[in-house]
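So the chains spell out like this:
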Amino acid sequence: MTLTLGMITFDSAEPGPLATWWAEQVGGRVEQENDGWFYMVEVPGAAHKMAFQKVPDPTPGKNRVHLDLICEDLDGEVARLTAAGAQEYERHDMDGFRWVTLTDPDGNRFCVSGSH
């Protein structure tokens, strides 16, 4: 037997606004909404979708799964994301490879790095 990745799902107390925020950030769109409790976001060029589901009590603390996003202009993309509502969490530099950890409006951490 083999498993296949279906989508990446985020738990949220308010999934609609979070789905819309992520759709704007990745240049996608909210393609499905189910009575305010489950949203799917189409991500252009990606093999998988992002999903956002309503839960009464999202897991507190650091999320154990996170997105690693790649861009051409790291500093410009971090500036764009923070202007859109993300919060910068940490900057990293490992032997010249730089990345920035941010949080989305719900506090979920994600990383952005320059292209490899």
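Residues numbered from 1 in each chain as written. Predicted model: local features only at pLDDT ≥ 70, side-chain atom pairs only at ≥ 80, totals over all residues. Heavy atoms only, no water.

## A word on the UniProt feature "domain: VOC" (unreviewed entry) in the protein
For step 1, the next point in the chain: In this numbering, the UniProt entry assigns the feature "domain: VOC" (unreviewed entry) to residues 4-115.
For step 2, the next point in the chain: In residues 4-115, helix accounts for 20% and strand for 44%; the two terminal C-alpha atoms are 26 Å from one another. (UniProt positions renumbered as here; feature names shortened; annotations may be inferred. Helix = DSSP H or I, 4+ residues; strand = E, 2+ residues; numbered from the N terminus.)

## Overview of the pairing of strand β7 (residues 97-103)
For step 1, the next point in the chain: Here strand β6 (residues 87-94) runs beside β7; their pairing, made up of seven bridges, is antiparallel. Residue pairing for β7: R91 is matched across the bridge by V100.
For step 2, the next point in the chain: Following β6, the chain reverses through two residues before pairing antiparallel with β7; D95 in that reversal takes a positive phi of roughly 55°.
For step 3, the next point in the chain: With five bridges joining them, β7 and strand β8 (residues 109-114) adopt antiparallel strand pairing. Paired with T103 across the strands is R109, a residue of β8. (Pairing = 2+ DSSP bridges.)

## What to know about the state of the cysteines
For step 1, the next point in the chain: Taken as a whole and assessed by the stated rule, the structure comprises zero disulfides.
For step 2, the next point in the chain: For C71, which is in no disulfide, the shortest distance to another cysteine sulfur is to C111 and amounts to 12 Å.
For step 3, the next point in the chain: According to the relative accessible area criterion, C71 is buried, its value standing at 12%.
For step 4, the next point in the chain: Residue C111 is classed as buried on the basis of its relative accessible area of 10%. (Disulfide = S-S within 2.5 Å. Buried < 20%, exposed > 50% of the residue type's maximum accessible area, 1.4 Å probe, protein only.)

## Structural notes on the sheet that holds strand β5 (residues 67-71)
For step 1, the next point in the chain: Sheet architecture is open: four strands sit in the order β5-β8-β7-β6, paired in mixed fashion. Only two strands of the sheet have a single neighbouring strand rather than two, namely β5 and β6. When strand polarity is set aside, the average angle formed by the axes of neighbouring strands in this sheet is 25°.
For step 2, the next point in the chain: Here helix α2 (residues 74-83) sits on the sheet in contact with β5, β6, β7 and β8, set at roughly 5° to β7. (Axes fitted to C-alpha atoms, helices over the stretch in contact; angles between N-to-C directions. Contact = heavy atoms within 4.5 Å.)

## What about the layout of surface pockets?
For step 1, the next point in the chain: Taken as a whole, the largest pocket encloses approximately 470 Å³ of empty space.
For step 2, the next point in the chain: Considering the residues around the largest pocket, the lining is formed by 18 residues, among which F10, D11, N63, V65 and N108 are closest to the centre.
For step 3, the next point in the chain: Ranked by residue count, the leading element in the lining of the largest pocket is strand β1 (residues 7-12), at five residues.
For step 4, the next point in the chain: Tallied by class, residues from the lining of the largest pocket come to six nonpolar, eight polar and four charged.
For step 5, the next point in the chain: By volume, the second largest pocket is sized at about 320 Å³.
For step 6, the next point in the chain: Along the walls of the second largest pocket sit 20 residues, with V26, V43, L67, D68 and L69 positioned nearest its centre.
For step 7, the next point in the chain: Going through the elements one at a time, α1 (15-26), β4 (49-54), β5 and α2 are the ones with two or more residues in the lining of the second largest pocket.
For step 8, the next point in the chain: Of all the elements, β5 adds the most residues to the lining of the second largest pocket, at five residues. (1 Å grid on protein atoms, 1.4 Å probe; cavity = no way out; pocket = protein on both sides within 12 Å on 5 of 7 lines; lining within 4 Å. Points joined across faces, edges and corners; volume = space filled by probe spheres on them. Nonpolar A, V, L, I, M, F, W, Y, C, P; charged D, E, K, R; others polar.)

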